[in-house]
Every structure is written in structure tokens, then in C-alpha cells.
Amino acid sequence: MQTDMDTNDLARDQETENREWIDSIDYIIENEGYERAKEILLLLQTRSQMKGIDFTYQGNTPYINTIPVSKESPYPGSREMERKIKSIIRWNAMAMVVRANKESEGIGGHISTYASSATLYEVGFNHFFRGGDEGQLPDMIYFQGHASPGIYARSFLEGRLTEKDLENFRRELKPGGGLSSYPHPRSMENYWQFPTVSMGLGPITAIYQARFNRYLEDKGLIPKSDQKVWAFLGDGEMDEPESMGALTLASREELDNLIFVVNCNLQRLDGPVRGNGSIVQELESAFHGAGWNVIKVMHGQDWDPLFEKDKDGLLARRFGELVDGQRQRYIISTGDYIRKDFFGKYGQTLKMVEHYSDEQLVKLSRGGHDPLKVYNAYKEAVNHRGGPTVILTSTVKGYGLGEAGEGRNITHQQKKLNEDELKYFRGRFGIPISDEGIGKAPFYKPAEDSEEMKYLLEKRQKLGGFLPKRVSEKVRFEMPDHNIFEEFSKDSGDKDVATTMVLVQILTKLLKDKNVGKLIVPIVPDESRTFGMDSLFRQVGIYSHKGQLYEPVDRDSLMYYKEAVDGAILEEGINEAGSMSSFIAAGISHSTHGVNAIPFFIFYSMFGFQRVGDLIWAAGDVRARGFMIGGTSGRTTLAGEGLQHQDGNSHLLALTYPSVKAYDPTFAYEVAIIVEEGIKEMYLEGKDVIYYITVMNEKYPMPAKPPCTKEHILKGMYQFRYEENNVHNLNMLGSGAILNEVIKAADILKGDYDIHPHVWSVTSYKNLYDDAREVVRYNTLNTDKKKESHIRFLVGDQPGLFIAATDYVKALPLSVATYFPGQFLALGTDGFGLSETRAALRDHFEVDAKHIVWTTLMRLRDNGKIDDSVLAAARKKLGIRSDKINPAAV
Ligand SMILES: Cc1ncc(C[n+]2csc(CCOP(=O)(O)OP(=O)(O)O)c2C)c(N)n1
Ligand SMILES: [Mg+2]
């Protein structure tokens with residue numbers, strides 16, 4: 001039986017043994033350097049693994065700072081001065097939110113996010129973020145959305161925003177303008193560069209932005225530079241799949257121009273991010289596994305002497321044992337509790353703090369609040385080569401709020417501070433405001449000639465000017481050769497052509513055009529072959545920073561898979577979110593780099609608005625330009641693929657996106673006119689809109705352009721066929737591939753029933769809707785002046801019968817029904833798709849020619865224009881069943 005004596009002896013032996021090992025490694029580090037020590041450790045690891053010790057990849061390092069004290073550089077600025085400035089910014093950021101909510105209850109805003117990240121930003125502003133005024137390319141900074149009050153507060157000190165601006169936080173409609181809640185380039189086009197507030201979109205778009213910067217460099221469109229992309233992120237935000245979904249792209253592409261700073265305050269909105277775990281350790285191993293350089297900034301300088309004494313590693317072990325819920329608990333705990341609960345677990349750790357007062361224990365700081373630690377992490381990150389860096393910083397949410405919210409679960413939503421709480425905040429940060437009027441949370445700005453102001457401005461001047469800043473200047477542009485588009489005015493003879501082929505032909509020619517060739521950026525999520533774009537692989541190459549390190553299997557073929565440093569295609573793999581992020585990066589390059597890159601993002605239309613709708617919304621906010629090409633579109637036009645693929649939704653979804661122009665063309669000349677106009681509107685005229693064009697894989701002969709005006713095609717509707725004899729004022733509207741069914745139906749009506757409808761091609765319900773909606777609004781607000789909608793311009797005021805057929809849901813044409821004079825009827829594809837042939841699908845969804853004819857006849861009968869007998873005969877002839885399956889039924 002083992003006695004206490006034996007156990008103690010064993011423990012002592014082990015302790016001695018531990019010491020010996022530690023002393024040995026210390027000796028090697030001190031006398032032979034870090035590299036040698038690493039070599040030996042790796043040798044031991046290999047040896048142990050060979051002997052059977054399990055070295056399964058853990059990806060974690062101890063819960064201590066990655067950068068040891070011995071490797072730190074001294075702080076390059078005045079800590080005291082920077083603390084004063086930061087404190088004032090903290091105060092004004094808090095005051096903005098408190099005041100906004102005093103004036104307008106419920107207007108919102110966030111105090112605690114910036115409170116936890118103030119040091120992270122201030123070290124950046126004072127020592128790292130380059131503004132670009134001195135000819136350098138400016139750094140690109142993704143500010144955490146909810147930290148915006150702090151960024152505004154700094155701009156206020158810098159003299160870029162006025163007191164009025166701050167007062168009008170979240171009141172953008174106030175006279176003189178206000179400040180948007182979060183970073184919205186759409187609202188503040190000369191200020192915010194990147195919209196970040198939809199959690200997860202900041203990280204993924206930042207990664208692709210960093211990659212796109214490389215793409216521009218490799219194509220020689222911008223000079224090679226040391227421009228960095230910084231993304232400031234919340235630890236809660238990292239749970240969004242988009243946040244982590246593209247990490248390996250960044251390491252694969254060796255993006256050492258990318259730095260993530262994750263503010264690990266351990267809390268999100270409701271409470272702890274990982275109460276029972278450790279978000280820092282979890283992120284560390286995920287980022288390590290993805291090949292990132294990980295720098296942990298866990299503890300402030302005041303921990304250094306304690307770790308110095310931690311020869312047995314027990315302090316580090318104690319940190320490693322904790323779960324985040326308990327870490328958070330210490331923020332609101334007394335020194336006595338911390339001593340007992342944290343340090344008290346081991347005799348050695350308790351002994352370390354025996355001469356520390358309780359107050360000192362409470363004050364022991366987290367790394368993200370220590371400028372020296374943050375500075376050193378940033379310094380290492382900007383100098384790191386060969387891959388991206390993530391800095392995981394430990395902070396306190398609501399830092400400085402005290403009882404009002406420091407580390408409390410409610411802190412994210414805290415918007416109101418009472419007088420005592422304001423006084424506490426003032427005292428804690430030494431803000432020179434008197435008791436009088438403090439309850440109103442006045443803003444504070446030091447005198448222009450004060451040392452603080454001079455320091456602050458000097459730092460920014462040295463770093464090349466203020467940030468955030470968005471450039472909205474027009475970039476010179478020359479249109480591509482008009483012949484590229486003009487040739488599609490001719491008919492295709494007896495050749496059947498799909499609109500996808502037309503689009504790809506245009507794209508291929510644009511890529512060779514002398515004016516725009518270099519600017520075209522085709523983006524594909526592994527669908528090039530689907531869309532017949534594989535010939536482009538060879539012609540323009542697939543972009544790869546590394547070129548092509550292998551001989552492709554199809555090297556001997558004409559269309560081989562060619563990767564090249566100056567390749568044009570961004571082949572994103574099966575990744576619509578990543579592709580959309582690339583689209584955004586390319587779509588804003590007119591503003592970010594003064595380069596009119598023209599993205600063509602080509603995807604399965606079902607996996608666009610439906611799948612990555614929020615990124616498209618962000619593309620609108622960020623003022624991106626470019627072409628989104630929804631391929632294989634149309635619920636009944638994409639045969640065979642079935643329920644998940646067949647898109648009858650995207651045009652309806654597009655209706656809600658303000659800056660998207662959506663087109664559903666049928667014919668080659670329509671596609672060509674729309675693309676040319678898109679280039680003109682977005683790049684020559686510099687309008688921040690996106691062109692969404694659906695193209696199909698159904699082949700049919702392309703007619704020559706009828707003598708309609710180009711303007712009508714662009715406005716969304718034009719007369720495709722006029723009939724002199726149209727006694728019923730019957731109008732058939734068709735779009736996409738279904739226009740062909742409509743034309744067939746019109747032919748049947750004419751041939752079999754002596755009914756002569758006009759036929760209209762509706763190229764864009766969205767344009768019709770936007771125009772008519774605005775006209776009605778205008779006419780409602782204005783008493784005398786009246787406008788006419790495009791619809792009314794075309795069809796006049798005489799009541800008629802309008803039958804619209806689409807490959808999308810009926811709600812799409814119905815969105816404009818009310819603007820037509822007379823009766824409007826919609827045929828569309830509501831319901832889940834099915835794996836079937838085109839003909840079967842069109843019958844099933846009742847959008848084929850026979851159903852269009854039948855619907856028309858039925859309505860004419862109801863209107864007393866034709867007899868029951870005609871209808872009865874038609875049912876037989878057309879084969880219309882009344883007991884059909886309802887395609888919309890579930
Ligand atoms: C997609 C999305 N979902 C939810 C929200 C609402 N929301 C805003 S902030 C927040 C919590 C943020 O926590 P964290 O990322 O940890 O940031 P912290 O404020 O703690 O720095 C939530 C849920 C959002 N903005 N976006
Ligand atoms: Mg958080």
C-alpha cells in the first residue's frame with residue numbers, strides 16, 4: 001500500500017525532474033537561440049511519437065501570450081498621451097449612445113463593444129493604419145459594426161465630424177444629416193468603406209478583398225505594395241459559418257496582407273460565447289489547423305512578473321483549466337474571490353500573489369487592454385510573411401462601465417447610464433467634465449492647441465491621413481467596341497442558340513477588347529463547364545498566384561485547365577459565398593483602387609439570391625458594380641435537375657434589392673443590348689448598380705432585332721409583335737424562355753381562333769415595377785405635375801386584357817398588374833420544381849403554349865367575347881384537364 005510518505009517523495013521527484021527539463025530548455029534558449037530549442041523539441045516529439053506517444057494534432061498553445069516578454073519591442077509612443085486621447089474617445093462614444101437614447105427612446109446603439117476594443121483600435125490608429133495620403137496604398141479596415149460609436153468619436157476629435165454629427169447619431173434624416181448606426185457606405189459614401197454589421201460578412205469579404213488585391217497586383221493593374229487588410233471581429237461573430245468558412249483560402253493563397261483581430265471579450269449579445277469552454281483555444285486550434293499565423297494576446301503587462309515566477313507552469317496551467325464562464329466571473333469579482341478561487345487552487349500560485357492587495361488582483365489586466373501587448377502583436381502581424389495572421393485578444397466587454405455593465409450579461413444592450421454611472425465612468429477615465437450638467441452626457445473635445453490634439457493629429461499625418469475614408473471619384477473609362485454587341489442584332493439563321501452561349505460569346509470578346517479586356521473578371525463557382533465557358537480556361541487562364549506547378553491532365557487538349565499568375569478567371573470552387581465576396585471586391589475596385597474592374601459572376605441562378613442573398617444585399621450597401629449572371633435559370637427551362645436547382649424565385653427576390661437591375665431576356669439582341677448598357681451605366685456613367693441577368697440553356701433560333709427601340713428593351717418591355725386586327729385589345733406578355741411559348745400561343749390564337757393579340761417581350765419586371773411604383777408615388781405627392789409610366793406609355797389607357805406568362809412565380813408579373821389598364825392575369829411557376837423534361841414541366845406548371853391559349857380563351861369567354869362552344873372545342877383540341885395536379889400544392 002502506498003503511504004503518504006511515498007506519494008510526497010514521488011511528487012518531489014517529479015518536481016525535480018520537471019525543473020531539470022525546464023532548466024535544460026531555458027539553457028538552450030538562452031545560449032543557442034529559439035531555433036535550436038525548437039529543433040530539439042521537434043526531435044523529442046518525433047522520438048516520442050515513434051515510441052508510441054499519442055501526438056494527435058491539438059493545435060493549441062498554453063493560455064499565455066504568444067509573444068514572450070523577451071521578444072517585445074518597447075512602445076514607440078507616449079502611453080500617457082495615448083491613454084488620455086483614448087479615454088476621451090471612450091467618453092464621447094458612450095455619450096453618443098446615451099444621448100441618442102435620451103432624445104429618442106429606443107433608437108439603439110452600443111457602448112460595450114467599443115469599450116472592450118478601444119485599445120485595439122487606438123494602437124492601430126496611432127501606429128499602424130496607413131491612410132494613403134502620402135502616396136502609399138491605404139490600408140483597408142473592416143471595423144466591427146457595433147464599434148462604430150468609437151470610430152465616430154475619434155473622427156470628432158480629428159475634426160472630421162462635428163458635434164452636431166455626433167448628436168445626430170442614428171438620426172440620418174435630421175437636417176444637416178446624421179451618422180448611420182453602423183458602417184454603411186450607401187449612407188456615408190465618403191466615410192465608410194466596408195459594411196460589416198451583418199455578422200460573418202466582414203470576415204469572408206475581408207479574405208476575398210485581400211486575395212483580390214493580390215489579383216490586381218499580379219495582373220499589373222496596381223503596383224505591388226505593403227497594403228494591409230485588417231478585419232476587426234467579434235468572438236461571437238466567429239460562430240457564423242461565413243466567418244470561418246474561407247480560412248483555408250487565405251493560407252493557401254499565402255495572404256500575408258491580411259490580419260484578423262478577434263476581440264475575445266468572451267461575450268456576445270445574450271451572454272457568454274463559450275460559457276463551458278474556451279473560445280480563444282477553440283479559435284486558436286481552428287486557425288492553426290487552417291494554416292494561419294496565430295498570435296494570442298491574453299494577459300497585460302502586470303501579469304509579466306507573475307509568469308516570470310511561474311517556473312512550474314502552474315499559473316499557465318490554471319488559466320488553461322478555466323472555462324470562459326468562470327473567466328467572465330472574475331471580471332465582476334472581488335480580489336478576495338479571485339485570490340481564493342483562481343490563485344488558491346495551487347500553493348505555488350497562491351504564494352505568488354501573497355504580497356498583492358485585493359485591489360491589485362482586481363486590476364490585473366487582460367492583454368487586449370494593454371497597448372504594449374497589442375502593439376507587439378500588430379508589429380509581428382504586419383511583418384509576418386507567407387500567410388495571414390489572426391490576433392486573438394482577451395478583453396472585457398463593457399470595459400470601464402463598472403456596475404452599469406462591465407462584464408455583465410446585459411452589457412451588449414446597455415444604452416442608458418444614470419448620473420452616478422456617468423460620474424463613475426468620468427472618474428475611471430479622468431475626463432475633465434464638471435458635475436454640472438454631467439447627467440446630459442456632454443461631449444468633450446480638448447482645445448485645438450492642446451497636447452492631446454497635437455499628438456493625435458501628428459500621428460495620423462505621419463501615417464498618411466484619416467481613416468475610415470471612402471473614395472467616390474469617377475474613374476476614366478472607355479467603352480468596349482460596339483461591334484461586340486451589334487452583331488447580335490442579326491438573326492441566327494437556322495442555328496439554335498441559348499442565351500448562355502450568347503453571354504459567353506460576349507464575355508469572350510470583351511476579354512479580348514483593347515479597352516476593357518484587362519478589366520473583365522469572370523468569377524465562377526465551379527460551373528464553367530456547365531455554362532460552356534471552358535474554352536476560356538486556355539484563352540485567358542485561371543488566376544493563381546503560384547502559377548501552375550503541375551502538368552494538367554488535359555495539357556494536350558485545346559481547352560486545357562490552365563492556371564496562371566496573370567489569369568483572369570477567379571475559379572472559386574463550389575463556393576457561392578466566396579464568389580460573391582470576390583464579386584464585391586472587384587465591384588468596388590473603382591473606389592478602392594481606382595480600377596474599373598468589371599466582374600461577371602456566373603452561377604446557377606437558384607444558388608444566387610436564395611443562397612447568398614445577404615451578401616448581395618451587402619454588395620448593394622458597399623456600392624458594388626458588376627454583372628451577376630444567373631445561369632440555367634427558369635423553373636421549367638432547366639430540365640431534369642429538379643426541386644433544389646430549378647429557379648423560379650430569383651427575379652422575385654431581386655425585386656427587393658434597391659440597387660439591382662434584374663433582366664430576364666429571351667433573345668440574343670436583348671442580352672447584348674442589356675450588357676452594353678450595363679457597362680455604360682456602371683462604368684462610363686459611374687452609377688453604383690448591379691446588373692442581374694438570367695440566361696438559359698434552352699436553344700432556339702434567335703430572331704433579328706425588330707424595329708423596336710433599344711430604350712424600351714432597357715426599360716423592361718417592348719412590343720415584339722403588333723396586330724392590326726386586335727379587336728379585343730388582347731396583349732400577351734412573355735419573358736425568358738416562356739416568351740417563346742407566348743409567341744406560339746399567339747400563333748395558335750391567330751391561326752385557330754382568329755384572335756390577334758399583340759405580343760410584348762418583358763425583359764424586366766423589376767424595371768417596370770420600379771418605374772411605375774415611382775410614377776404613382778410622384779403623382780400622389782404632386783398636385784399638378786404628372787408623369788407617365790413606361791407601361792402606360794406603351795399600352796395606353798384603353799382597357800384591355802393582359803395575359804403574362806413567366807418561368808418565375810406569378811407574384812413577379814402580378815407586382816405590376818395594378819399599373820395596367822384593364823384585366824391582368826399571370827401564369828407562372830409557383831411550387832417546387834420536379835425532375836422532368838421541359839415539355840412536361842411546362843405542362844405541369846401550366847405555362848406552355850396550350851395553357852396560355854386556354855387561359856386566354858377562358859377569360860375572353862368570361863368577358864362575353866367568345867362562345868361556350870368555342871371553349872369546349874378548345875379544351876378538347878388543346879387537351880386541357882380540369883383535374884390536373886396543382887403544382888403549388890404541398
Ligand atoms: C447576421 C447577424 N445576426 C445577428 C446580429 C445581431 N447582433 C449584433 S451584435 C451581436 C453580438 C455580437 O457579439 P460579438 O461578435 O461577440 O461582438 P462584441 O460586441 O462582443 O464585440 C448580435 C447577435 C447581426 N448583427 N448579424
Ligand atoms: Mg464578443
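Let me sum up the structure you'll find in this document. (Residues numbered from 1 in each chain as written. Chains lettered and ligands numbered in written order. Predicted model: local features only at pLDDT ≥ 70, side-chain atom pairs only at ≥ 80, totals over all residues. Heavy atoms only, no water.)

### Quick word on the layout of surface pockets
Consideration 1: Taken as a whole, the largest pocket spans an internal volume of roughly 2,500 Å³.
Consideration 2: Around the largest pocket sit 45 residues that line it, and I29, I64, N65, T66 and P68 are the ones nearest its centre.
Consideration 3: Mapped onto the lining of the largest pocket, the elements with two or more residues apiece are α1 (4-32), α2 (34-50), α10 (279-289), β4 (293-297), α11 (304-309), α12 (314-321) and α17 (371-383).
Consideration 4: Sorting elements by how many residues they give to the lining of the largest pocket places α2 first, with 9 residues.
Consideration 5: Classifying every residue of the lining of the largest pocket by side-chain character gives 19 nonpolar, 13 polar and 13 charged.
Consideration 6: Reported here for the second largest pocket is a volume of approximately 1,200 Å³.
Consideration 7: Surrounding the second largest pocket, 48 residues form its lining, K363, L364, S365, Y399 and R428 being those nearest its centre.
Consideration 8: Per-element tally for the lining of the second largest pocket: the top contributor is helix α3 (residues 79-103), with 7 residues. (1 Å grid on protein atoms, 1.4 Å probe; cavity = no way out; pocket = protein on both sides within 12 Å on 5 of 7 lines; lining within 4 Å. Points joined across faces, edges and corners; volume = space filled by probe spheres on them. Helix = DSSP H or I, 4+ residues; strand = E, 2+ residues; numbered from the N terminus. Nonpolar A, V, L, I, M, F, W, Y, C, P; charged D, E, K, R; others polar.)

### Details of the pairing of strand β5 (residues 389-394)
Consideration 1: β5 sits mainly inside the fold: 6 of its 6 residues count as buried.
Consideration 2: Judged by which residues are buried, β5 turns out to be covered on both faces: T389, I391 and T393 on one side and V390, L392 and S394 on the other are all buried.
Consideration 3: As judged from the 6 bridges shared by strand β3 (residues 258-264) and β5, these two strands associate in the parallel manner. By the bridge assignment, I259 is partnered in β5 with T389. (Buried < 20%, exposed > 50% of the residue type's maximum accessible area, 1.4 Å probe, protein only. Pairing = 2+ DSSP bridges.)

### Some points on the sheet that holds β3
Consideration 1: The parallel open sheet is built from 5 strands, whose spatial order is β1-β2-β3-β5-β4. The two strands at the open ends of the sheet, each matched to only one other strand, are β1 (140-142) and β4. Going from strand to strand, the sheet's axes swing by 15 degrees on average, the running direction of each strand aside.
Consideration 2: Against the sheet, α17 touches β2 (229-234), β3, β4 and β5, its axis set at about 175 degrees to β4. (Axes fitted to C-alpha atoms, helices over the stretch in contact; angles between N-to-C directions. Contact = heavy atoms within 4.5 Å.)

### Concerning the coordination of the magnesium ion (ligand 2)
Consideration 1: Bound to the magnesium ion (ligand 2) are the protein donor atoms D235 (OD), N265 (OD1) and Q267 (O), situated 2.0 to 2.2 Å from the metal.
Consideration 2: In primary sequence terms, the donor set of the magnesium ion (ligand 2) follows D-x29-N-x1-Q. With a gap of 32 residues between them, D235 in the loop between β2 and α8 (241-244) and Q267 in the loop between β3 and α10 connect regions that are remote in the sequence. The residues D235 and Q267 share a single accessibility class, namely buried. (Donors = N, O, S within 2.8 Å, 3.2 Å for Na, K, Ca; no water.)

### Looking at the nonpolar core
Consideration 1: Among the nonpolar cores identified, the biggest contains 168 residues, and I207, F260 and V675 are the most heavily contacted of them.
Consideration 2: At 10 residues, the largest contribution of residues to this core is made by helix α27 (residues 668-684).
Consideration 3: Not counting the four nearest positions on each side in its chain, I207 is found in contact with A246, L247, L249, A250, L255, L258, F260 and W292.
Consideration 4: Among the nonpolar cores identified, the runner-up in size contains 68 residues, and M81, V123, L161 and L467 belong to it. (Core = buried A, V, L, I, M, F, W, Y, C linked by side-chain atoms within 4.5 Å.)

### Observations regarding the pairing of strand β11 (residues 598-604)
The side chains of a regular strand alternate, residue by residue, between the two faces of the sheet.
Consideration 1: Most of β11 is tucked away, with 7 of its 7 residues classed as buried.
Consideration 2: Pairing of β11 with strand β12 (residues 626-631), which is carried by 5 bridges, proceeds in the parallel orientation. The residue bridging F603 from the neighbouring strand is G630, located in β12.
Consideration 3: Since β11 and β12 lie parallel, the crossover through helix α25 (residues 609-621) that links them has a hand, and here it is right-handed. (Right-handed = clockwise from strand over helix to strand, strands pointing away.)

### As for empty space enclosed by the protein
Consideration 1: Applying the stated criterion across every chain yields a total of 6 cavities of 30 Å³ or more.
Consideration 2: There is about 90 Å³ of room inside the largest cavity.
Consideration 3: Forming the walls of the largest cavity are Y142, F194, P195, L201, T205, Q209, S581, I584, A585, I588, A618 and V622.
Consideration 4: Counting residues per element, the ones that place at least two in the lining of the largest cavity are α7 (201-218) and α23 (576-587).
Consideration 5: By residue class, the composition of the lining of the largest cavity is 9 nonpolar, 3 polar and no charged.

### Re the sheet that holds strand β14 (residues 690-694)
Consideration 1: Ordered by their spatial adjacency, 6 strands build an open sheet running β10-β7-β11-β12-β14-β13, and the pairing between neighbours is parallel. If you trace the sheet from one side to the other, it starts and ends with β10 (570-571) and β13 (660-663), each paired once.
Consideration 2: Each of β11, β12, β13 and β14 touches α27; the most contacted strand, β14, lies at about 170 degrees to it.

### Thoughts on a negative patch on the surface
Consideration 1: A contiguous patch of negative charge on the surface is contributed by D13, E17, E20 and D23.
Consideration 2: Considering the arrangement of structural elements, one finds D13 in helix α1.
Consideration 3: For D13, a relative accessible area of 51% translates into the label exposed. (Patch = residues over 30% accessible without salt bridge, like charges linked within 9 Å, V, L, I, M, F, W, Y side chains within 5 Å. Areas by Shrake-Rupley, 256 points an atom, 1.4 Å probe, with all protein chains shown as cover. Salt bridge = Lys/Arg side-chain N within 4 Å of Asp/Glu carboxyl O. Lys, Arg positive; Asp, Glu negative; His and termini not counted. Charge placed at Lys NZ, Arg CZ, Asp CG, Glu CD.)

### A closer look at the side chain of H127
Consideration 1: With respect to the helices and strands, H127 occurs in helix α4 (residues 112-127).
Consideration 2: Here the side chain of H127 touches Y75 through a polar contact of 3.2 Å, side chain to side chain.
Consideration 3: Look past the residues within four positions of H127 in its chain and what remains in contact with it is Y75, P76, G77, E82, Y375, Y455, K459 and L463. (Polar contact = N/O pair within 3.5 Å; in protein donor to acceptor, adjacent residues only side chain to side chain.)

### Quick look at unusual backbone geometry
Consideration 1: Here the amide bond leading from L467 into P468 is cis, since omega sits at -5 degrees, within 30 degrees of zero.
Consideration 2: Mapped onto the secondary structure, P468 falls in the loop between α19 (451-462) and α20 (483-486).
Consideration 3: For R170, which is not glycine, the phi torsion reads 65 degrees and is therefore positive.
Consideration 4: Note that R170 resides in the loop between α6 (163-167) and α7.
Consideration 5: Owing to a relative accessible area of 18%, R170 belongs among the buried residues under this scheme.
Consideration 6: One non-glycine residue, E254, adopts positive backbone phi at about 55 degrees.
Consideration 7: Tracing the chain through its elements places E254 in the loop between α9 (247-252) and β3.

### So, the site of ligand 1
Consideration 1: Residues in close proximity to ligand 1 total 18 residues, the closest being T113, Q144, D235, G236 and K397.
Consideration 2: Contacts to ligand 1 include Q144, whose side-chain N or O atom sits 2.8 Å from an oxygen atom.
Consideration 3: About the coverage of ligand 1: the protein hides 75% of its 590 Å² of free accessible area. (Near = heavy atom within 4 Å.)

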